[in-house]
Amino acid sequence: MSAAGAAPRALRPTAVDPRPGDPEVTPEVVADHGISPDEYERIERIMGRTPTFTELGVFSAMWSEHCGYKNSKPLLRLLPTEAPWVIQGPGENAGVIDIGDGYALAFKIESHNHPSAVEPYQGAATGVGGILRDIFTMGARPIAVLDSLRFGDLDTGRVRYLFGGVVKGVGDYGNCVGIPNIGGEVYFDRGYEGNPIVNAMCLGLMKHDELITAVAEGVGNPLMAVGARTGRDGIHGATFASEELSEDDDVESRPMVQVGDPFTEKLLLEASLELIRSGHIVGIQDMGAAGLTSSATEMAGRSGTGVEIDTALVPVRERGMTPYEILLSESQERMLVVAKVGHEDEVRKILEKWELEAEVIGRVTDDGMFRVVEDGTTVCEIPGLPLVDGCPTYQRDGVENPEIAALRDMELPEAVEPQRDLAEAWVDLFDSPNLGSRRWIYNQYDTTVRTGTVIPPGSDAGVVRIRGTTRAVAATTDCNGRYVYLSPKQGAVIAVAEAARNLVCTGALPTAITNNLNFGSPLKPHIYHQMKEAVTGMAEACSFFETPVTGGNVSLYNETDGRAIYPTPVVGMVGVIADVANITRMAFRDPGDVILLLGDNTNELGGSEYLYHFHDLVAGPPPSVDLFLERSLQQAVLAAIRTGAVKSAHDCAEGGLAIALAESAVGGETPVGFEVRLNDALPPVPLLFGEAQGRIVLSCAPEDADALVELVREYSVPVRRIGRVTAADSGLSITLRDREVRVTTSDVVESRRNALPRRMDAPVAAPTDAARSGSSTT
Amino acid sequence: MRVAVVTFPGSNCDYDLYQAVKQVGGNPEFRWHRDRDLDGIDAVMLSGGFSYGDYLRAGAIARFSPIMEDVVSFAASGGPVVGICNGFQILCEAGLLPGALIRNESLRFQSEDCRMRVERTDTPFTSAYSPGQVIRVPLAHAEGNYRADEETLAHLEGENLVLFRYVDAHGEATSDSNPNGSTANIAGIVNESGNVMGMMPHPERAMEALLGSEDGVPLFESLVASLAAGAGAGR
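## Observations concerning the overall build of chain A
A tally of regular secondary structure across chain A gives 28 helices and 30 strands. Relative to the globule expectation of 28 Å for 778 residues, the C-alpha radius of gyration of chain A, 26 Å, shows essentially globular dimensions. The C-alpha extent of chain A, read off along each of the three principal axes, is 85 × 60 × 45 Å. A burial count over chain A gives 66% of its 778 residues as buried. Within chain A, counting contacts between residues at least 6 apart in sequence, those at least 24 apart form 86% of the total. For chain A, the computed accessible surface area is about 25,700 Å², with 49% contributed by carbon and sulfur atoms. Taking the average location of the 67 positive side-chain charges in chain A and that of its 109 negative ones, the two points are 3 Å from each other.

## What to know about the packing of aromatic side chains
Counted according to the given criterion, the structure contains 20 aromatic pairs over all chains. Ring geometry for Tyr18 of chain B against Phe30 of chain B: centres 4.5 Å apart, planes inclined by 15°, an arrangement best described as stacked. Residue Tyr18 of chain B is found in helix 1 (residues 14-23), and its partner Phe30 of chain B is found in strand 2 (residues 27-32); the two are separated by 12 residues along the sequence. Classification of Phe30 of chain B as partly exposed rests on a relative accessible area of 39%. Site record: aromatic cluster; members linked through ring pairs are Phe151, Phe163, Phe188 and Trp440 of chain A. Here the guanidinium or amino end of Lys207 of chain A rests over the ring plane of Tyr103 of chain A, the centre of that ring lying 4.3 Å away. Over the ring of Trp32 of chain B we find Lys353 of chain A; its NZ or CZ atom is 5.6 Å from the centre of that ring.

## Notes on helix 3 (residues 86-93) of chain B
All names here are of chain B. Counting buried positions along helix 3 yields 7 of 8 residues, so the element is predominantly enclosed. Listing the buried residues of helix 3 in full gives Asn86, Gly87, Phe88, Gln89, Ile90, Leu91 and Cys92. Gly95, located one to two residues past helix 3, shows a positive phi value of around 80°.

## Side note on the packing of helix 20 (residues 488-506) of chain A against helix 21 (residues 525-545) of chain A
Residues and elements named next belong to chain A. At a minimum axis separation of 7 Å, helix 20 and helix 21 run at an interaxial angle of 35°. Helix 20 and helix 21 meet at a crossing whose hand is right-handed. Along the contact surface, helix 20 presents Pro488, Lys489, Ala492, Val493, Val496 and Ala497, while helix 21 presents His529, Gln530, Glu533, Ala534, Thr536, Gly537, Met538, Glu540, Ala541, Cys542 and Phe545. Class assignment for the residues of the contact of helix 20 with helix 21 results in 10 nonpolar, 4 polar and 3 charged.

## As for the environment of Gly507 of chain A
All names here are of chain A. Position of Gly507 among the secondary structure elements: in the loop between helix 20 and strand 19 (509-518). Residue Gly507 is classed as buried on the basis of its relative accessible area, which comes to 8%. For the pair Gly507 and Glu663, spaced 156 residues apart in sequence, the C-alpha to C-alpha distance is 18 Å.

## As for helix 12 (residues 291-303) of chain A
The terminal C-alpha atoms of helix 12 of chain A lie 19 Å apart, and with 13 residues this matches the ideal 18 Å at 1.5 Å per residue to within 8%. With 10 of 13 residues buried, helix 12 of chain A is to be regarded as a mostly interior element.

## Comments concerning the interface of chain A and chain B
Listed as interface residues are 34 residues of chain A and, on the opposing side, 28 residues of chain B. Counting every contact that joins chain A to chain B gives 5 salt bridges. Where chain A packs against chain B, one counts 16 residue pairs in polar contact (both at pLDDT 80 or more). Secondary structure elements with two or more residues in the side of chain A that touches chain B: helix 8 (157-177), helix 11 (262-278), helix 18 (439-442) and strand 16 (453-455) of chain A. Class assignment of the residues belonging to the side of chain A that touches chain B gives a composition of 13 nonpolar, 9 polar and 12 charged.

## Remarks on the environment of Leu556 of chain A
Tracing the sequence through the fold places Leu556 of chain A in the loop between strand 20 (549-555) and strand 21 (559-560). As a C-alpha pair, Leu556 of chain A and Ile659 of chain A span 103 residues in sequence and 33 Å in three-dimensional space.

## What to know about the side chain of Thr447 of chain A
Topologically, Thr447 of chain A is positioned in the loop between helix 18 and strand 16. Those residues in contact with Thr447 of chain A that lie beyond four places of it in its chain are Pro180, Asn181, Tyr442, Thr453, Pro456 and Pro457 of chain A together with Ser111 of chain B.

## Focus: the pattern of salt bridges
Under the criterion given, the structure shown has 58 salt bridges over all chains. Here Arg165 of chain B and Glu119 of chain B are joined by a salt bridge, their closest N and O atoms 2.7 Å apart. Of this pair, Arg165 of chain B sits in strand 9 (residues 162-166) while Glu119 of chain B sits in the loop between strand 6 (110-118) and strand 7 (134-141); the two residues are 46 residues apart in sequence, bridging distant segments of the chain. One network of salt bridges, in which partners are shared, links Glu308, Asp367, Arg371 and Glu381 of chain A.

About the criteria used
- Residues numbered from 1 in each chain as written.
- Chains lettered and ligands numbered in written order.
- Predicted model: local features only at pLDDT ≥ 70, side-chain atom pairs only at ≥ 80, totals over all residues.
- Heavy atoms only, no water.
- Helix = DSSP H or I, 4+ residues; strand = E, 2+ residues; numbered from the N terminus.
- Rg over C-alpha atoms; globule rule 2.2 N^0.38 Å.
- Buried < 20%, exposed > 50% of the residue type's maximum accessible area, 1.4 Å probe, protein only.
- Contact = heavy atoms within 4.5 Å.
- Areas by Shrake-Rupley, 256 points an atom, 1.4 Å probe, with all protein chains shown as cover.
- Lys, Arg positive; Asp, Glu negative; His and termini not counted.
- Charge placed at Lys NZ, Arg CZ, Asp CG, Glu CD.
- Phe/Tyr/Trp six-rings, centres within 6.5 Å; stacked < 30°, edge-to-face > 60°.
- Lys NZ or Arg CZ within 6 Å of the ring centre and 35° of its normal.
- Axes fitted to C-alpha atoms, helices over the stretch in contact; angles between N-to-C directions.
- Left-handed = near helix turned anticlockwise from the far one by under 90°.
- Nonpolar A, V, L, I, M, F, W, Y, C, P; charged D, E, K, R; others polar.
- Expected span 1.5 Å × (residues − 1).
- Salt bridge = Lys/Arg side-chain N within 4 Å of Asp/Glu carboxyl O.
- Polar contact = N/O pair within 3.5 Å; in protein donor to acceptor, adjacent residues only side chain to side chain.

On their own, these measurements won't tell you what the molecule is for.
What follows is the structure, encoded as structure tokens:
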């Protein structure tokens, strides 16, 4: 292990007397703040003295993994971040890309895993609130949200409680603010037992000249606290998010979970956009993780200035809050604004209109210090730069867990001989919570508000049109954690490839990504190995597809009682559709249409939903992926869509070809059937349910089929006619070399429709200690 | 035709409503709830959203907003007033329409397309529909379950004040086609004078084939046409 970081600067803080009533800084107190002895030594070197309790709290938050990226920064440097269309790369509240016609798209994904594990409703709700603020502080109006979720098996009351609470939290917050949900993903797998993943992504739209960044420029300019008052909730949330969960956390950690108020958020959104357009401010940032501390120091850090804050001026919810509490509170729906000096009243007037408060709490200085006073007495003085950038970073040695390697290399007998009735298996797979309809979820999300949603949730990707142009943007989140678990690098490559494929199926050109790296503890070599390999794979694929990473989030220590989640580097990808006429959907449309398969079927079953569902097995190598073929496939599909002849396009993903075909048959407004023939010399199970990558199912009118086949061949992509669309009452039929597998359309519809409701609409008991596995308390 | 689209703190469909009015040739104008100025306005629309966060009860706080006094007198003078979703809830809370909207039977927020039958075409809001026409429009609400006492219901039905009813694809008002438990599948109603209308589903979200349905267009066309006719008659 080696530590690296900026050398301490010569800038020395003055002596600050300990604040009466604050605890003494002892080794125990240091350890409680999650600061290692080495890190503490570095702090003392930066300070040239012992830090006060307040200063220690500030360091602890800023040097947490959540803010300081101390274990991930060296890995993040591997990711490509540049392209001609990137306007703002990593380091700001959100990334921004050019999408044409003078418009720019701000987008980002963020995690709220730890809070959601403890209090699913508020955890998820405030996750959505935070990502919305990241977008509108860039000057962009949020136009869509997506949610990427992972839970344990739905068979336990605890998981149902978490899942139900998270969905309600995501829904209630976004619905109230009025931002449509356009997609996302959810997986249920015991790999996430006890430690769910809740990642929320937001897209925002602005004109190029409306972009504003989070800087604290202009010495003498006032800092203003805007929006909700500061309370005692969420203190040290950033540090909490950077620790493992333990059995008792859902009781003890509740005060660290913030409480959301989407109504205030809506007012803050309107007020912030009005402020930004008004010209009265120079910078704005959400007081998110680590609250006032991180927003003030990061804004000053970006412009090389200092800041001075008087905590006595900060509007608070209750009396007697210490500077420590005020600096580290993560109360929601608050902004830090750097106004132009002399424009304070104009700022207040705008906030008043929206029935919100704005108070001057400090000013920009020229001494590079993060200085906090309380009624004139200095309680904290830290050189800003080392506080923001001086966090030690660690490059560790990773090593693969031999148990996982053994799982990957395991023989999979089922790949050779089927042991069950294939038709029954086909219908039964749709009863898996992983393949069933997601309607139970998105039925609770407003998907049509703002009148822009062209493709709502339930498809390969969501699509929102840009009013006043011919353009639309598409977005998707993807990551199959099983693949990444079994082979981190390959799994991450697949996540990027699949995201791009999903966008392409709607007619969008993949443009850029935001990523959410969800892993266990980086201190463990087995986990660090996963991180390193996954990021390497993601970097490789992003470079290949020319989809740079413009920002994102890292969530580590996703462990409960020492057990880590599957490594889950979620890819949130956005794409641009130049002409809404080219928007393509996944569902087959008219009986008689020809079905084309692009890509090759393979004898691969590793990491599949089939193995998990029927054999309770997460094993085998994940499907192989050929990036050159992927790129050609995607180019071919986009070219095909642009001819106007493609009537549907759908990616083959979890559950394989049989599932993809059936989804196209029953995923539209009116279900249809199909007759398909597959002559591949492959065992039936991997042929039907294997998850070979690089495959897309298209349909078109019979008269267009020849031309489409020819077009696709020009891209050297394997393509063949595999069948035709039929009426719903003829059922779904796949004929293999030695047998026909046929199911009724209604059986598939029913199985798929009921997968989530039949589990979730059963009475859900609130969790009790006894219901929690491994707990012996009464 | 000047149409005031009222924005309360927490309204979030005001922009969609504005666009819908504009699309059919009306002249929409936003009105912040404190801006008490309805002079020269031909129609008032209260949009969907979560005014005051739906805290206390949907619409219960917004109805005390300054502009509501003007909306009440505008309605009393015969001016057309439309409330959609949260706007409907506010109109009920303000007493401009009878009944109340309680939590959906599912106790969940529901977002889906619904079908409605147009029960009357002799109102300023529905004249461009054909009688009994079944339309498909998105709905998105947590409190859309219409309730009223027996007497009020009898009055609504007796006076033919139900404007829209949830139905199935065949136009039948079945329990399966009732998304939220509303009494008698009521989706929208009109007052006795025929100038105040409230509905839970969102016709302003059904204005373009690209977004899935154009079935809301006739509602806005009806309103603008009736205003044009009224202006011709010198109202």
